[in-house]
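Residue-level listing of the chains:
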Amino acid sequence: MSDAMGSILTSPGRILWPDIGLTKQGLLDYYEAVWPWMEPHLINRPIALLRCPQGIDSECFFQKHASQSLPAGLRTVTLDEANAAAPVIDDFAGLAGLVQLSALELHLWSAPASNIEHPDQLIFDLDPDPGIPWKSVIKAALLIKEEIENMKLSPFAKTSGGKGLHVIAPLDGTTEWEEIRQFAQGFSKKLAEENPQLLTARSAKDEREGRIFLDYLRNGRGTTSIATYCPRARKGAPVATPILWEEVEAGIMPNAFNVSNLPDRLKSMQQDPWHGFDAARRALPRQDFA
Ligand code: ATP
Ligand code: MN
């Protein structure tokens, strides 16, 4: 596929991750390898772009709205009454278009472009204070898993490719943003109150010292989170990777997977680590966290 698609890239040999020599064409080749796993989580969603035209060691800029002219294969969706729009991908050609824009990180809305007022996932971002041991993050992730299961939702885990983990529960897309945000806030605050040594639901710096910030704010309208299977604009091109709960328990690190080792990991797996994601969609439970 990349030979045909490669022709749309200008400067395919430009090095974007100098530490590993990964080029623009290399990024497209990586995407080709993971496309079957990535596609269901990527298509039909508003995307914000972290663009680094000269690679990760030079200036990058975060682009929340689509500029006038987009490469072929991309469409846009209107986001608000001010007519701001975001790019949307329908197929591999669209992803190649974003590579052409040197969009090294793709950050997604939690709602589909075709149902933009109704998120179809809950997302909790675990942001550990750098000083705390990784086993505390594992403990917190497993606690969140259990609490989500208690509400009859299905939690799925992924590495962020950065410093933490994300826990995601697929929803059926019948609830609006504000209700979901309030639910996530209530959930996080209650869990933090019950586990004050481990967690905080407040983002203030001194609150986070020695703890994990359980960030529920990703559930608000207009926010985004790193796309599943997307590399990060950091050394080694670590990838935000779906993992099994057994792997969380085993202490897998947030930057364990990268563009170099992920294709082999996927080939060696019996089934998609997020097998059953769509089948697990449920309505947001009615729950009073007060
Ligand atoms: P980590 O595990 O390191 O916390 P993460 O993916 O959870 O990784 P960030 O990379 O810090 O978190 O990104 C947080 C959110 O902030 C992103 O999902 C995106 O919506 C937004 N964001 C990311 N980069 C930028 C930027 N350069 N400018 C503005 N917003 C950004
Ligand atoms: Mn985070």
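Anything mentioned here points back to the structure above.
Residues numbered from 1 in each chain as written. Chains lettered and ligands numbered in written order. Predicted model: local features only at pLDDT ≥ 70, side-chain atom pairs only at ≥ 80, totals over all residues. Heavy atoms only, no water.

### Quick look at the site of ligand 1
- Every one of the 16 residues lining ligand 1 counts as a neighbour, but Asp-127, Ser-160, His-166, Thr-224 and Arg-232 are closest to it.
- Between ligand 1 and the protein, one listed contact pairs an oxygen atom with a side-chain N or O atom of Ser-160 at 2.5 Å.
- Between Arg-218 and ligand 1, the recorded distance is 3.2 Å, taken from a side-chain N or O atom to an oxygen atom.
- Relative to its free-state accessible area of 620 Å², ligand 1 is covered by the protein chains to the extent of 67%.
- When residues of the shell around ligand 1 are traced back to their parent elements, those giving at least two are β8 (121-128) and β13 (225-226). (Near = heavy atom within 4 Å. Polar contact = N/O pair within 3.5 Å; in protein donor to acceptor, adjacent residues only side chain to side chain. Areas by Shrake-Rupley, 256 points an atom, 1.4 Å probe, with all protein chains shown as cover. Helix = DSSP H or I, 4+ residues; strand = E, 2+ residues; numbered from the N terminus.)

### Section: the coordination of the manganese ion (ligand 2)
- At this site the manganese ion (ligand 2) is bound by Asp-125 (OD), Asp-125 (OD) and Asp-127 (OD), with donor distances of 2.1 to 2.7 Å.
- Judged by relative accessible area, which is 22%, Asp-127 ranks as partly exposed. (Donors = N, O, S within 2.8 Å, 3.2 Å for Na, K, Ca; no water. Buried < 20%, exposed > 50% of the residue type's maximum accessible area, 1.4 Å probe, protein only.)

### Observations concerning helix α4 (residues 134-150)
- Along its 17 residues, α4 runs 25 Å from first to last C-alpha, staying within 8% of the 24 Å computed at 1.5 Å per residue.
- When we look at burial in α4, the residues that qualify are Trp-134, Ser-136, Val-137, Ile-138, Ala-140, Ala-141, Ile-144, Lys-145 and Ile-148.
- Tucked into the core, α4 has its buried residues touching β8, β10 (165-170), α5 (177-194), β11 (199-200), β12 (212-215) and α7 (245-249).
- Positive backbone phi, at 65°, marks Lys-152, one or two positions downstream of α4. (Expected span 1.5 Å × (residues − 1). Contact = heavy atoms within 4.5 Å.)

### Overview of the side chain of Arg-265
- With respect to the helices and strands, the residue Arg-265 is situated in helix α8 (residues 262-268).
- The buried category is assigned to Arg-265, whose relative accessible area is 10%.
- Arg-265 has contacts with Thr-241, Pro-242, Ile-243, Glu-247, Phe-257 and Pro-273, leaving out every residue within four places of it along the chain.

### Quick look at the pairing of strand β3 (residues 47-51)
- Counting buried positions along β3 yields 5 of 5 residues, so the element is predominantly enclosed.
- Side chains of β3 alternate between two faces, with Ile-47, Leu-49 and Arg-51 and Ala-48 and Leu-50 buried alike.
- Relative to strand β7 (residues 103-108), β3 runs antiparallel, the two being bridged by 5 bridges. Looking across to β7, one finds that Ala-48 is bridged to His-107. (Pairing = 2+ DSSP bridges.)

### A word on the pattern of salt bridges
- As enumerated under the stated definition, the model contains 17 salt bridges in all.
- Across the salt bridge formed by Asp-120 and Arg-281, the nearest N and O atoms sit 3.9 Å from each other. With Asp-120 in the loop between β7 and β8 and Arg-281 in the segment after α8, this residue pair connects regions lying 161 residues apart in the sequence.
- On the basis of relative accessible area, Asp-120 is assigned to the buried category, the value being 9%.
- Of the residues examined, Arg-281 reaches a relative accessible area of 22% and is grouped as partly exposed.
- Between Arg-218 and Asp-215 there is a salt bridge; the shortest N-O distance is 3.8 Å. (Salt bridge = Lys/Arg side-chain N within 4 Å of Asp/Glu carboxyl O.)

### A look at the state of the cysteines
- Taken as a whole, this structure holds 1 disulfide when the rule is applied.
- Note on cysteine connectivity: Cys-52 is disulfide-linked to Cys-60, with sulfurs 2.2 Å apart. On the sign convention where negative means left-handed, the S-S torsion of about 110° between Cys-52 and Cys-60 marks this disulfide as right-handed.
- Just so you know, Cys-230 is unpaired, no disulfide at all, and the nearest cysteine sulfur is the one on Cys-52, 10 Å from it.
- Classification of Cys-230 as buried rests on a relative accessible area of 0%. (Disulfide = S-S within 2.5 Å.)

### So, unusual backbone geometry
- In this model, Lys-152 sits at a positive phi of 65°, which is unusual for a non-glycine residue.
- Tracing the backbone through its elements, the reader meets Lys-152 in the loop between α4 and β9 (156-159).
- Exposure remark for Lys-152: the relative accessible area of 67% places this residue in the exposed category.
- Positive phi is not limited to glycine here, since Tyr-229 has a value of about 75°.
- Checked against the element boundaries, Tyr-229 lands in the loop between β13 and β14 (242-243).

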